[in-house]
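A structural walkthrough
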Amino acid sequence: MASTACYHTLGSIQGQGYDGKTGLLSRLGSLPVKTVSKGVNIEMRLLTRGSCYPRSLKLCVVRASSSHSSVADPVRIPSNSNSSDSQKKSSEASLILIRHGESLWNEKNLFTGCVDVPLTQKGVEEAIEAGKRISNIPIDTIFTSSLIRAQMTAMLAMTQHRRKKVPIIMHNESKQAQKWSQIYSEETNKQSIPVITAWQLNERMYGELQGLNKQETADRFGKDKVHEWRRSYDIPPPNGESLEMCAERAVAYFREQIVPQLLTGKNVMIAAHGNSLRSIIMYLDKLTSQEVISLELSTGIPMLYIFKDGKFIRRGSPVGPSEAGVYAYTRRLALYRQKLDEMFQ
Amino acid sequence: MASMACHHALSSIQTQGLQNKVGSFSGKIVSKGSMIDMGLLSRAICYSVRRNLFTVHASSSSPVANPIQIPSNGESKDFRKKSDETALILIRHGESLWNEKNLFTGCVDVPLTQKGVEEAIEAGKRISNIPIDMIYTSSLIRAQMTAMLAMTQHRRKKVPIIKHNESEQAWKWSQIHSEETKKQSIPVITSWQLNERMYGELQGLNKQETADRFGKEKVQEWRRSYDIPPPDGESLEMCADRAVAYFKEQIVPQLLTGKNVMIAAHGNSLRSIIMYLDKLTSQEVISLELSTGIPMLYIFKDGKFFRRGSPTGPSEAGVYAYTRSLALYRQKLDEMFH
């Protein structure tokens, strides 16, 4: 069903805008529009309502279009509550979202939440694979949660990046920590990508479920209660967060700390968790609470958004370098990739 | 020179404590007829010179290389009751992105390269059969990643869990609510006291820049001296002060209660600890070079540290064991997985 909707929108995409109030008539299978290269097979990951993200479809290319038609009810970001300000900044910035891969408790099927559990070997490989997919996309700042599985995912992914800038984790936990982590070379600073860790990007805190397996939770609380906590938007488990509470602190952080970066033209990557990322996507794509509950994000598959003129345009998931063809989502990204090719030939 | 001392020591090992610190290694080798690959701590040469040694008869303990007597409650009798033996593993992290670029790193939080990732996994294979109950790392990601990557290889399959104490909320949010799960967890404690030596105004500079800014001799002096710090930075002595203090106050008590500990840290913080364990002089510690990614094993028994070299990887022939208790542990793992 998603695929039919997808092909259908593909054909009608050129000049059409979307109604800001009602958004797309059907959110299923909405696609980004601006594909630049001709004659190339593009594998797209779709954000769908009722099924697991992503579903891959092979699509034939759309003619290059210069239209600025926005897709999927993009969010308008006011800056200084004066929208003309943001209009002056017509710079385009990339926003990459990566959900970390398999952790040691995923493997054991335990409720993890904010317990700081590391990646399995599989999770390590997923991170490296994800890195290959974004190796040609510019990144100026990285945000992660305060949990090692997200931080490792970011650092492992960046080992694959072609630009070879060095991620440096910022330390602010104490005056000494800040002082001790100072860099004394301007040149080196320029070749660095600041990495900011924030608890607000942590996984949803699962309270008294943390560390329990499915059986233990059923025994302790009853199957229906547990099901309710998992499926509802606003009912928290004992001493834990509801999805709504998680979304509040994640989206607030995104708006206060990350959007300003994007507004200054910085390309940003966020490496985080299922619930904190779907909260942000809920904000970017203006999803309802029902829609966000059924949103499943694949692990290790990065999601790309373009931020332009104060709007977020969903761009699906970048193709890995082993897949045939050159891809570019915007002209600017195509030029960036070209520069990298020139640097390394 | 080290090899001669080594072979010499081998034949005289049974009852004699070693006078000569060079090439000293432990006497307790249990299995007969198998090749044991030992990393040797030598004064002037790189740590982990490989030697294929033939076995030594099993012998009951003789302390080696001036082991340190750990006083507890100022009463040496107390810890002799605890005749438990515990393992202490030290791992220095592998290549970081600034190692690759030849920049002074210090406490700048730079991650591992792909090579550093592979080194960590290799190191993990070497310690996959050694019991670990607690892990200590620095507050820098390259050491933390090294520990977590190494543990993906561990056969016992306990789960390392990083402890969070930076705030009341951080502590509360990271609570585990299942006793069974807790038993299958290995607490990981991060601390800045295990950080690399802080290099002050050299941090981020390359060799040329430092020479231009400070002059080649000054830089050489800072790198080679024990107690002269670079501007706004730490001397090796200052680094050792805080690392060893932390080791004595936080880590030794764990060993005393019978916990097997792994420390994943950095060149200078680890050599500081080794200086303490092996009672090296400041001259000796300056020339001590630790291999990256090659774990070092010590046995803590009766309040004393016994250096056990470096565990061999599983691809190397033969069964290895450094003490009877480690041999039994490995046997248990084999039984679990067959």
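Keep in mind that this is a model prediction, so the values were computed, not measured.

Some thoughts on the overall build of chain B
When its secondary structure is counted, chain B shows 13 helices and nine strands. Out of the 338 residues in chain B, the part that is buried amounts to 59%. When the accessible surface of chain B is split by element, carbon and sulfur atoms take 50% of a total near 14,300 Å².

Some points on the confidence of the model for chain B
Residue and element names in this part refer to chain B. Summarising the model, chain B shows a mean pLDDT of 77, and 71% of its residues fall at 70 or more. Taken as a whole, residues 1-82 scores under 50 in pLDDT and shows 166 contacts with residues more than four places along the chain or in a different chain. In this model, residues 315-320 is a region of pLDDT below 50 whose contacts with residues beyond four sequence positions or in other chains number 11 contacts. With a pTM of 0.75, the predicted complex shows an ipTM of 0.75.

Side note on the sheet that holds strand E6 (residues 192-197) of chain A
Residues and elements named next belong to chain A. As summarised here, the arrangement of the seven strands in space is E5-E6-E4-E7-E3-E8-E9, forming an open sheet in which the pairing is mixed. Strands at the two margins of the open sheet, each flanked by one partner only, are strand E5 (166-169) and strand E9 (311-314). Here the average twist between neighbouring strands, direction ignored, is 25°. Sheet analysis places strand E4 (residues 141-144) next to E6, joined by three bridges and oriented parallel. Within the sheet, the bridge partner assigned to Phe-143 lies in E6 and is Ile-196. Sitting on the sheet, helix H13 (residues 331-343) touches strand E3 (92-99) and strand E8 (303-308), and the angle it makes with E3 is about 80°.

Some remarks on the packing of helix H4 (residues 121-133) of chain A against helix H5 (residues 148-158) of chain A
Residues and elements named next belong to chain A. At a closest axis distance of 7 Å, the pairing of H4 and H5 adopts a crossing angle of 50°. It follows from the interaxial angle that H4 and H5 lie oblique. When the axes of H4 and H5 are compared, the crossing they make is right-handed. Facing Val-124, Ala-127, Ile-128 and Gly-131 of H4, the residues of H5 in contact are Thr-153, Leu-156 and Ala-157. Looking at the contact of H4 with H5 residue by residue, the class counts come to five nonpolar, two polar and no charged.

As for the interface of chain B and chain A
Many authors give the size of an interface as the accessible area that is lost as the parts come together. Chain B puts 50 residues into the contact, and the matching count from chain A is 50 residues. Approximately 4,000 Å² of surface area, both sides summed, lies buried where chain B meets chain A, with 64% of it carried by carbon and sulfur atoms. Three residues, Asp-109, Trp-173 and His-177 of chain B, lead the burial of chain B against chain A; their summed loss comes to 17% of the area buried on that side. Along the contact surface separating chain B from chain A lie zero salt bridges. Only helix H3 (97-101), helix H4 (114-126), helix H5 (141-151), strand E5 (159-162), helix H6 (168-173) and helix H8 (207-214) of chain B provide two or more residues apiece to the side of chain B that touches chain A. Looking at the side of chain B that touches chain A, the element that brings in the most residues is H5 of chain B, giving five residues. The residue makeup of the side of chain B that touches chain A, split by class, is 23 nonpolar, 17 polar and 10 charged.

A short note on unusual backbone geometry
Despite not being glycine, Lys-157 of chain B shows a phi value in the positive range, around 65°. Along the chain, Lys-157 of chain B turns up in the loop between H5 and E5.

Overview of helix H13 (residues 324-336) of chain B
Residue and element names in this part refer to chain B. Under the 1.5 Å per step criterion, the end-to-end length of H13 is 18 Å for 13 residues, consistent within 8% with the ideal 18 Å. What H13 keeps buried is the set Leu-326, Tyr-329, Arg-330 and Leu-333. Taken down its axis, H13 places every buried residue within 95° of arc, on the same side. Seen from the buried face of H13, the exposed residues on the opposite side, beyond 90 degrees, are Arg-324, Lys-332 and Glu-335.

Here's the deal with the pattern of salt bridges
This structure, assessed with the given rule, holds 13 salt bridges over all chains. Glu-241 of chain A is the salt-bridge partner of Arg-249 of chain A, the closest N and O atoms lying 2.6 Å from each other. Judged by its relative accessible area of 10%, Arg-249 of chain A falls in the buried class. Asp-334 of chain B is paired through a salt bridge with Arg-155 of chain B; the nearest N and O atoms lie 2.8 Å apart. In this pair, Asp-334 of chain B sits in helix H13 while Arg-155 of chain B sits in the loop between H5 and E5, placing the two residues 179 residues apart along the sequence.

Observations regarding the UniProt feature "site: Transition state stabilizer" (unreviewed entry) in chain B
All names here are of chain B. UniProt records the feature "site: Transition state stabilizer" (unreviewed entry) for His-266 in the present numbering. Within the secondary structure, His-266 sits in the loop between strand E7 (261-265) and helix H11 (267-277). Residue His-266 is classed as buried on the basis of its relative accessible area of 0%. Here His-266 is in contact with Arg-92, His-93, Ser-138, Leu-140, Arg-142, Ala-143, Leu-194, Asn-195 and Glu-196, once residues within four sequence places are set aside.

Concerning the pairing of strand E4 (residues 134-137) of chain B
Residue and element names in this part refer to chain B. In E4, alternate side chains face the same way, and those of Met-134 and Tyr-136 on one face and Ile-135 and Thr-137 on the other are all buried. Pairing of E4 with E7 involves four bridges; the strand directions are parallel. Counterpart to Thr-137 in the pairing with E7 is Ala-264. In this structure, E4 lies alongside strand E6 (residues 185-190), joined through three bridges in parallel fashion.

Some details on the UniProt feature "active site" (unreviewed entry) in chain A
All names here are of chain A. This chain's UniProt record puts "active site" (unreviewed entry) on His-100 and Glu-203. For the residues just named, distributed over 104 residues, the greatest C-alpha separation is only 10.6 Å, placing them together at one site. Taking the relative accessible area as the measure of exposure, His-100 reaches 8% and is therefore buried. Setting aside residues up to four positions removed in sequence, His-100 forms contacts with Asn-106, Leu-119, Arg-149, Ala-150, Thr-153, Ala-272, His-273, Thr-299 and Gly-300.

Topic: the environment of Phe-344 of chain A
Residues and elements named next belong to chain A. Its place among the elements puts Phe-344 in the segment after H13. Classification of Phe-344 by relative accessible area gives partly exposed; the value is 40%. Measuring from C-alpha to C-alpha, the distance between Phe-344 and Val-251 comes to 38 Å, with 93 residues separating the pair along the chain.

The rules behind these values
Residues numbered from 1 in each chain as written. Chains lettered and ligands numbered in written order. Predicted model: local features only at pLDDT ≥ 70, side-chain atom pairs only at ≥ 80, totals over all residues. Heavy atoms only, no water. Helix = DSSP H or I, 4+ residues; strand = E, 2+ residues; numbered from the N terminus. Buried < 20%, exposed > 50% of the residue type's maximum accessible area, 1.4 Å probe, protein only. Areas by Shrake-Rupley, 256 points an atom, 1.4 Å probe, with all protein chains shown as cover. pLDDT = per-residue confidence, 0-100. Contact = heavy atoms within 4.5 Å. Pairing = 2+ DSSP bridges. Axes fitted to C-alpha atoms, helices over the stretch in contact; angles between N-to-C directions. Parallel < 35°, antiparallel > 145°, perpendicular 65-115°, else oblique. Left-handed = near helix turned anticlockwise from the far one by under 90°. Nonpolar A, V, L, I, M, F, W, Y, C, P; charged D, E, K, R; others polar. Buried area = accessible area lost by both parts, 1.4 Å probe. Salt bridge = Lys/Arg side-chain N within 4 Å of Asp/Glu carboxyl O. Expected span 1.5 Å × (residues − 1). Arc of directions from axis to C-beta. UniProt positions renumbered as here; feature names shortened; annotations may be inferred.

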